[in-house]
Amino acid sequence: MTKVVTVTSGKGGVGKTTTSASFSAGLAERGHKTVVIDFDVGLRNLDLIMGCERRVVYDFVNVVQGEASLKQALIRDKHDDNLYILAASQTRDKDALTKEGVGRVIDELKEMGFEYIVCDSPAGIEKGAQLALYYADEALVVTNPEVSSVRDSDRILGILQSKSKKAEEGGSVKEHLVLTRYNPERVEAGEMMAWNDIVELLGVELLGAVPESEDVLNASNAGMPVIREKGSDAAAAYEDIVARFLGEERPQRFLTVEKKGLLKKLFGK
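All values reported here derive from a predicted model rather than from experimental measurement. (Residues numbered from 1 in each chain as written. Predicted model: local features only at pLDDT ≥ 70, side-chain atom pairs only at ≥ 80, totals over all residues. Heavy atoms only, no water.)

> Explain the pattern of salt bridges to me, using residue names and the numbers behind them.
The tally for this structure, following the rule as stated, stands at 15 salt bridges. Between R30 and E248 there is a salt bridge, with the nearest N and O atoms lying 2.7 Å from each other. Residue R30 is located in the loop between α1 (16-29) and β2 (34-38), and its partner E248 is located in the loop between α12 (233-245) and α13 (262-267); the two are separated by 218 residues in the primary sequence. R30 gets classed as partly exposed once you look at its relative accessible area, which sits at 35%. The class for E248 is partly exposed, based on a relative accessible area of 34%. E212 is the partner of R186 in a salt bridge, and the nearest nitrogen-oxygen pair spans 3.5 Å. Taken together, the positions of R186 in helix α9 (residues 184-188) and E212 in the loop between β8 (206-211) and α11 (214-221) put the pair 26 residues apart, joining distant regions of the chain. On the basis of relative accessible area, E212 is assigned to the partly exposed category, the value being 37%. One connected set of salt bridges, linked through shared partners, spans R30, D240, R244, E248, R250 and R253. (Salt bridge = Lys/Arg side-chain N within 4 Å of Asp/Glu carboxyl O. Helix = DSSP H or I, 4+ residues; strand = E, 2+ residues; numbered from the N terminus. Buried < 20%, exposed > 50% of the residue type's maximum accessible area, 1.4 Å probe, protein only.)

The structure is reproduced here in structure tokens:
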């Protein structure tokens with residue numbers, strides 16, 4: 001049975017597209033046929049992070065408006081045959097997407113045998129974001145450990161609980177919290193909100209925390225989901241997130257300050 005998973009946030013720049021790329025790549029790596037869709041019409045960043053920007057011929061809007069078939073627009077990932085990308089349009093208006101059109105595309109992807117449809121939502125609550133949320137079965141709510149980001153995430157949770165198709169039918173979207181750019185040392189110094197305070201405020205279980213890391217930017221610049229940067233803490237964090245999402249028991253990491261051993265204290269490494 002296909003699951004539609006929306007990656008969302010109220011605030012821009014929190015790591016939503018980074019999370020969509022690594023989450024979908026992680027699902028595919030584990031053998032699940034996965035497609036990731038960029039809903040950010042007019043901006044389009046997902047194809048850059050996935051390293052397929054030069055291969056975009058037809059986009060999501062072309063398919064919604066009947067100008068191209070889904071098979072023409074889907075781009076197979078160069079590194080994993082289980083992973084496909086559906087890019088957003090850079091030249092169209094956000095109103096080019098319609099609820100009916102998006103629904104048709106999602107139904108067709110289900111018929112094509114995709115196990116997971118990952119929707120990379122634009123930030124905020126405008127039309128593109130609402131359409132990305134509407135068909136969700138589950139949602140990853142991405143937030144940074146700062147007050148404005150958490151407050152905006154709370155607003156998104158309200159939309160999920162009231163304006164999704166599941167809510168209209170009397171059900172609910174299963175929600176997961178993903179914390180990005182988390183730095184326990186800065187939390188201890190009072191410069192960031194603590195993860196448990198954020199969980200308490202939002203009332204959503206923590207799926208995982210991604211530590212602050214230069215590897216995220218380096219991987220994005222290289223056109224690669226950071227989950228493929230094996231050996232990095234960010235990659236390990238996203239691997240944990242995917243595993244927990246799939247039902248595995250894994251202890252949370254990257255939430256507390258690492259205790260330095262004697263050699264590290266002496267040599268500062």
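There's more to say after this.
> Please set out the packing of aromatic side chains residue by residue, giving values where relevant.
Evaluated as defined, the whole model comprises five aromatic pairs. Considering the side-chain rings of F23 and F245, the 5.0 Å spacing of their centres and the 90 degrees angle between planes classify their relative orientation as edge-to-face. Taken together, the residues F23 in helix α1 and F245 in helix α12 connect sequence positions 222 residues apart. Taken individually, F23 and F245 each receive the classification buried, so the pair is uniform in this respect. Look at Y84 and F114: their rings are 5.4 Å apart centre to centre, the planes differ by 85 degrees, and that puts the pair in the edge-to-face class. Placement of the pair is Y84 in strand β4 (residues 83-86) and F114 in the loop between α5 (99-111) and β5 (116-120), with a sequence separation of 30 residues. Neither Y84 nor F114 differs from the other in exposure class; each is buried. By the ring-pair criterion, three or more aromatic residues cluster together here, those being F23, Y116 and F245. One Lys or Arg, K33, reaches over the ring of F114 and ends 4.6 Å from the middle of that ring. The cationic tip of K99 hangs over the ring face of Y134; the distance from NZ or CZ to the ring centre is 4.1 Å. (Phe/Tyr/Trp six-rings, centres within 6.5 Å; stacked < 30°, edge-to-face > 60°. Lys NZ or Arg CZ within 6 Å of the ring centre and 35° of its normal.)

> Please give an account of the sheet that holds β2 that cites residues and values.
The eight strands are arranged β3-β4-β2-β5-β1-β6-β7-β8 in an open sheet whose pairing can be described as mixed. Only two strands of the sheet have a single neighbouring strand rather than two, namely β3 (75-76) and β8. With two bridges joining them, β3 and β4 adopt antiparallel strand pairing. Along β4, the bridge assignment pairs R76 with Y84. Docked against the sheet, helix α7 (residues 147-163) engages β1 (3-8), β6 (138-143) and β7 (174-182), running at close to 165 degrees with respect to β6. (Pairing = 2+ DSSP bridges. Contact = heavy atoms within 4.5 Å. Axes fitted to C-alpha atoms, helices over the stretch in contact; angles between N-to-C directions.)

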